[in-house]
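Remarks on the overall topology
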Amino acid sequence: MATLSTCFVEGTSYMRSGEEEDGNKEVKEEEKDKSAVQTQQRPAWAPYVHYKPDREVYHYVGQDIVIDGALDSYAGMIWPGALALCQYLETHCEELNLVGKAVLEIGAGTGLTSVVATLLGAWVTATDLPDVLNNLRANLFRNTRGRWKYMPQVAALSWGQDLESTYPSSVYRYDYVLAADVVYHHDFQDELLAVMKHFCKPGTSLIWANKVRYESDLTFTENFKKAFHTKLLVEDGEMKIFMATCREEGEGDQEIQDLLKEEEEGKEEKKRKEQLGDEKHKGDELHSVSTEQSKGKDIDVREEPRVSEPERGDDKEDKNKHESDGEEEMVHKDDDYKEDKKDEPDLSCSSTANEEDAPGQTNTKTAEQQDSPPAWASIINRRFGRDIYHYVGHDIVIQESIDSYGAVMWPAALALCSYLENNRNTVNLQGKEVLELGSGTGLVTIVASLLGASVTATDLPDVLSNLQANVTRNTRGRCRHTPKVEILSWGHNLERTYPSSLYRYDYVLAADVVYHHDFLNELLATMKHFCTRGTTVIWANKVRFETDLTFTENFKKAFHTSLLAEDGEMKIFMGTFRG
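This section reports on the structure supplied with the text. Just so it is clear, the model here is predicted, and its values are computed rather than measured. (Residues numbered from 1 in each chain as written. Predicted model: local features only at pLDDT ≥ 70, side-chain atom pairs only at ≥ 80, totals over all residues. Heavy atoms only, no water.)

Regarding its fold elements, the chain presents 22 helices and 18 strands. Within the chain, the proportion of its 579 residues that are buried is 49%. When contacts within the chain are restricted to residue pairs at least 6 apart in sequence, long-range pairs at least 24 apart make up 73% of them. Here the chain displays about 27700 Å² of accessible surface, and carbon together with sulfur accounts for 48% of that area. (Helix = DSSP H or I, 4+ residues; strand = E, 2+ residues; numbered from the N terminus. Buried < 20%, exposed > 50% of the residue type's maximum accessible area, 1.4 Å probe, protein only. Contact = heavy atoms within 4.5 Å. Areas by Shrake-Rupley, 256 points an atom, 1.4 Å probe, with all protein chains shown as cover.)

This is the structure in structure tokens:
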């Protein structure tokens, strides 16, 4: 897997947008003159990307922190748990007092949390899997060199594997263990908990920040509470920060207990003030009920909206209207909104209190609060980068976003786009009805639309805004058929929301939809639902985990399959109705 990733990165020509175009032309001319041997070193499906992932600049501890992301890895992006934890460490630096303390971060990723802890005076060891250490090390040393009190360390750590032999408890002891957004859909949550228990000895405090996304997060949280003495330090909607101490130690370190006691007393005092304010300013009870209901909806992240058939029809009418006279405004509004969010002032010290003050305020006030960034949000001086790809004779500008697997570019999408472009005789999309599952950023949908297909792009509700913006931006005025964007939750009431008698497609496309999540059975059921007689499924996937191989076997059992392309761990399959 590491070999293919390296080949992909090295074999892709990156150029910053805004650099000299003359240099760009020279690079293209050189590419034409390459020998056959040199050309074979680059994967056949890898496109030319003229813009590499942007650097993001954060500001903590009085310093600008420049973080480079990476492609094809969850560890190569900044997740919101890291921002929340950095904000907490900075604003509670006096209580925690990291100066001179030994700190271990597990699942360090891009290294932002380790950088902040180092700048706060800690002696930090940042750990992660071996294949992400280079980017982690570069970010950590770039931002701490000449600023540290203690030189930070970077080490490989595979959760749950021979910990006592590689990190013996008698040698490796830490004052703090930090973890941010390490709980997501993977098969190693038991190993993660074992790692936390291994390093969280008497005298150690574990601080874990996590944004709740799935039911498995809640299950891990319950197991976490059983394993340690825990306190909830921060709760901001779905974002929670816990502090834990060793259960065998009883109440643990007295300094930490004092901190937890102060936090608890502060929360009680805040509740008393809110109650007094509520009695004095409550006014209309209906407003208060509405506010509480809206908060409840924000917290329940496990429930996914369902779209009934009449609603789908209404959506289509609205979309047609926007497509005819309002698409330009929609996309620009989306871009302007992102720019506004980027330039907002830091609300780290005041927004939490403001969000919960005056519960009798109107719904307009509540909406404004929901639009403002959460208390833990940092100032980002540069938003996530736009990548420019070139397919079907067009430059395709893709805006990515953070905090969603569906909002970043995965390599199978690039492989599938290259295959569709270079095999038009085999897969003729001209005038065909095409459905894409898990469209993400929308690149595959855009390429299929440029190839003449009538495409419906689908994904979960939380990524549709970015998906719609990318699709509209890159297909307006270029395509015979205007692509549609729709909500689709795999395996949920498909015959009711997408009845087979009405929704029939020539092709169903899917790229990198198989990764670590609990919905592989639902994904296969969705493929089977749409792949009726006369439909062809084309599925591109990069093999990463054993679950990928299991799904592949189930896919072969469900369909008549053939392997269209294979390049190392990258495979593209075609499936047809088995009957």
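After that view of the structure, there is still more to cover.
For the rest of this paragraph, the subject is the pattern of salt bridges. Inspection of every chain in the model, using the stated rule, returns five salt bridges. We note a salt bridge from Arg213 to Asp181, for which the minimum N-O separation is 3.0 Å. Here Arg213 is found in the loop between strand E7 (205-211) and helix H10 (215-227), whereas its partner Asp181 is found in the loop between strand E6 (176-180) and helix H9 (189-199), with 32 residues between them in sequence. Between Lys240 and Glu235 there is a salt bridge, with its nearest N and O atoms 2.6 Å apart. (Salt bridge = Lys/Arg side-chain N within 4 Å of Asp/Glu carboxyl O.)

On to the nonpolar core, then. Tyr391, Leu429, Leu443 and Leu509 are the most contacted members of the largest nonpolar core, which totals 40 residues. Take this core: its biggest share by element is eight residues, from helix H17 (residues 411-422). If we ignore the near neighbours within four places in the chain, the residues touching Leu443 are Tyr389, Tyr391, Ile396, Ile398, Met409, Leu414 and Cys417. Formed by 39 residues, the second largest nonpolar core is a distinct cluster that contains Leu112, Val154, Ile207 and Met239. (Core = buried A, V, L, I, M, F, W, Y, C linked by side-chain atoms within 4.5 Å.)

This part takes up the environment of Leu509. If you trace the backbone, Leu509 turns up in strand E15 (residues 507-511). For the pair Leu509 and Leu437, spaced 72 residues apart in the sequence, the C-alpha separation amounts to 6.3 Å.

Of all the eight residues making up strand E9 (residues 239-246), eight are buried; the element is thus mostly covered by neighbouring parts of the structure. Examined bridge by bridge, E7 and E9 share seven bridges and lie antiparallel to one another. In the strand pairing of E9, Trp208 is matched with Phe242. The pairing of strand E8 (residues 228-236) with E9 spans eight bridges and is antiparallel. Counted as the bridge partner of Leu232 is Phe242 from E9. A loop of two residues connects E8 with E9, the two strands running antiparallel in sequence, and Gly237 in this loop sits at a positive phi of about 65°. (Pairing = 2+ DSSP bridges.)

Spatially, seven strands are ordered E5-E4-E3-E6-E7-E9-E8 in an open sheet, and the strand pairing comes out mixed. Of all strands in the sheet, those bounded by a partner on one side alone are strand E5 (153-156) and E8. The sheet shows a mean angle of 20° between the axes of neighbouring strands, taken without regard to direction. The strands touched by H9 are strand E3 (102-106), E6, E7 and E8; relative to E3, the strand with the most contacts, the crossing angle is about 175°. (Axes fitted to C-alpha atoms, helices over the stretch in contact; angles between N-to-C directions.)

A separate point is unusual backbone geometry. A positive phi is found at Val61, a non-glycine position, where the angle reads about 55°. Here Val61 shows up in the loop between strand E1 (55-60) and strand E2 (63-68). For Val61, a relative accessible area of 25% gives the class partly exposed. Backbone geometry places Asn97, a non-glycine residue, at a positive phi of 50°. Along the chain, Asn97 falls in the loop between helix H5 (93-96) and E3. Here Asn97 falls in the partly exposed class, since its relative accessible area comes to 33%.

Let us look at the sheet that holds strand E14 (residues 484-487). Read from one edge of the open sheet, seven strands run E14-E13-E12-E15-E16-E18-E17, paired in mixed fashion. Looking at strand neighbours, the two that pair on one side only are E14 and strand E17 (559-567), the edges of this open sheet. Recorded for the sheet is a direction-independent mean angle of 20° between the axes of neighbouring strands. With four bridges connecting them, strand E12 (residues 433-437) and strand E13 (residues 454-459) associate as parallel partners.

The subject of this paragraph is the packing of helix H6 (residues 112-119) against helix H7 (residues 133-144). Viewed as axis vectors pointing N to C, H6 and H7 meet at an angle of 30°, and their least axial separation amounts to 9 Å. Taken together, the axis directions place H6 and H7 in an arrangement best described as roughly parallel. Both H6 and H7 take part in a crossing whose hand is right-handed. Along its contact with H6, which presents Ser114, Val115, Thr118 and Leu119, the element H7 presents Asn139, Leu140, Asn143 and Thr144. Along the lines of polarity and charge, the residues of the contact of H6 with H7 split into three nonpolar, five polar and no charged. (Parallel < 35°, antiparallel > 145°, perpendicular 65-115°, else oblique. Left-handed = near helix turned anticlockwise from the far one by under 90°. Nonpolar A, V, L, I, M, F, W, Y, C, P; charged D, E, K, R; others polar.)

Turning to the packing of helix H18 (residues 443-450) against helix H19 (residues 464-475), a few remarks are in order. Put simply, H18 and H19 touch, their axes get as near as 9 Å, and they point 25° apart. Between H18 and H19, the angle is such that the two are roughly parallel. The hand of the H18/H19 crossing is right-handed. Where H18 approaches H19, its residues Thr445, Ile446, Ser449 and Leu450 are matched on the opposing element by Asn470, Val471, Asn474 and Thr475. Among the residues making up the contact of H18 with H19, the classes are represented as three nonpolar, five polar and no charged.

A complete count under the given rule lists zero disulfides for this structure. Distance from the sulfur of Cys246, which forms no disulfide, to the nearest cysteine sulfur (Cys200) is 6.0 Å. (Disulfide = S-S within 2.5 Å.)

Counting buried residues in H6 gives eight out of eight residues, a clear majority hidden from the surface. When we look at burial in H6, the residues that qualify are Leu112, Thr113, Ser114, Val115, Val116, Ala117, Thr118 and Leu119. The first or second residue beyond H6 is Gly121, which carries a positive phi of 100°.

Here H19 spans 16 Å end to end across 12 residues, near enough to the 16 Å set by a 1.5 Å rise per residue. Of all 12 residues in H19, 11 are buried; the element is thus mostly enclosed. The complete set of buried residues in H19 reads Leu464, Asn466, Leu467, Gln468, Ala469, Asn470, Val471, Thr472, Arg473, Asn474 and Thr475. Following H19 by one or two positions, Gly477 adopts a phi angle in the positive range, close to 80°. (Expected span 1.5 Å × (residues − 1).)

One can find Asn210 in strand E7. Looking at Asn210, its side chain comes within polar contact range of the side chain of Asp217, at 3.4 Å. In contact with Asn210, not counting residues within four places along its chain, are Asp181, Val182, Val183, Asp217, Glu238, Met239 and Lys240. (Polar contact = N/O pair within 3.5 Å; in protein donor to acceptor, adjacent residues only side chain to side chain.)

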